[in-house]
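# Coordinates in review
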Amino acid sequence: MGLLRGAGEGPCIGLRADIDALRVKEASNCPFQSKVEGKMHACGHDTHTSALLGAAQILSQMRDQINGSGKFLFQPAEEINVGAKKFIAAGALENPKVDALFGAHNQPLLPTGSVAVIDGPVMAGVTRIDIRIKGRGGHGGIPQGNIDPVVCAAAVIQGAQTIVSRNVSPVDSAVVSICHLLAGSTDANNVIPDEVTMAGTVRFYRPETEALIETRLRELVETIAKAYGCTGELTFFHMIDTTLNSHALAPIAASAVEAAGAESIGAEPSTGGEDFSDYLPHVPGFFYWFGSRNEEKDCRWAWHNPHFRADEDSISVAARLYANTVFEAIAALKK
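Residues numbered from 1 in each chain as written. Predicted model: local features only at pLDDT ≥ 70, side-chain atom pairs only at ≥ 80, totals over all residues. Heavy atoms only, no water.

## Here we look at the packing of aromatic side chains
Describing an aromatic ring pair means giving the distance of the ring centres and the angle of the ring planes. On inspection of all chains with the given rule, the structure shows four aromatic pairs. An aromatic cluster of three or more residues is present, and its members are Phe 102, Phe 286 and Tyr 288. (Phe/Tyr/Trp six-rings, centres within 6.5 Å; stacked < 30°, edge-to-face > 60°.)

This is how it looks when you write it as structure tokens:
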């Protein structure tokens, strides 16, 4: 964390960049590939770090024009949803107290030079689900003597997909995905196992939707399991809240984009998650997306893909955006 005090007293504006990489083996064509085997910046957090360092340099050279202060948060562990919590616990929002916090993330769906300003939900809330189906295993060729948890698990997976289509309002948005299933042994093709375990993710924009999904999924797991003669258990782990951009900060963000010389562009919210949301109960916040797509440079791959590469030209755009945000926010909050 760094603190830059301006020439005069005024609001403290926080700027946050995440810095962590991912356990992905790099396959991009960039000339500065990861030197750590099996790990790479597959989400472009290195561009965020570089942009925030650039903003700190710009603002340091303009210190005498700042009537307030800027606080720079270089946050680890965003990918595992613990970094923001640790920063808050360490007092990053205090001494001086941060009056408004801004973050930015590259977006490979948007062209370099553009910035998305979204008033309201920008990233989804995230919950992990674990499901255990217990039956009675036995010989696969004599199924009548067993209680098959595999068939039951298949019914649970099918049933879970009706929650979004039949229980969540069509004008709301949510995702229920079962992404992992473990049943039996790979070297036993004729043995029905005693149990099946599954893991998945739930994405939502409203806490009421998360609560609805938990209630409905628990009912489905338990009643479908009972119908198949099994027992079903659901564990619901709330991980992070929705990243909800402050309506009051939206005009400041729009002015900062214009001052940075970037193109303001419309974009849909993402069902990806962001632990920037952990700051928002404590301080008003706003989260930008800055474009990092440039197909001529092969900067076109999705986040977390081994071929991912963010356009380096996006770094200067984001640096200007961060720096101008401080000036625009101080001016607006001093009124």
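## Some points on the sheet that holds strand E15 (residues 285-293)
Judged by pairing direction, the sheet is mixed, and its seven strands sit side by side in the order E1-E3-E2-E4-E15-E5-E14 without closing on themselves. Two strands in the sheet have a free side with no partner beyond their single neighbour: strand E1 (2-5) and strand E14 (263-265). Each strand of the sheet is rotated relative to its neighbour by a mean of 30 degrees, with strand direction disregarded. With eight bridges joining them, strand E2 (residues 8-18) and strand E3 (residues 67-75) adopt parallel strand pairing. Within the sheet, the bridge partner assigned to Arg 16 lies in E3 and is Leu 73. Across the sheet, helix H5 (residues 250-259) is in contact with strand E4 (100-111), strand E5 (114-116), E14 and E15; its angle to E15 comes to roughly 30 degrees. (Pairing = 2+ DSSP bridges. Helix = DSSP H or I, 4+ residues; strand = E, 2+ residues; numbered from the N terminus. Axes fitted to C-alpha atoms, helices over the stretch in contact; angles between N-to-C directions. Contact = heavy atoms within 4.5 Å.)

## Remarks on the environment of Ala 250
If you trace the backbone, Ala 250 turns up in helix H5. Along the sequence, Ala 250 and Gly 120 sit 130 residues apart, while their C-alpha atoms lie 8.8 Å from each other. Beyond its immediate stretch of four places on either side in the chain, Ala 250 contacts Val 117, Asp 119 and Phe 286.

Structural measurements only, silent on function.
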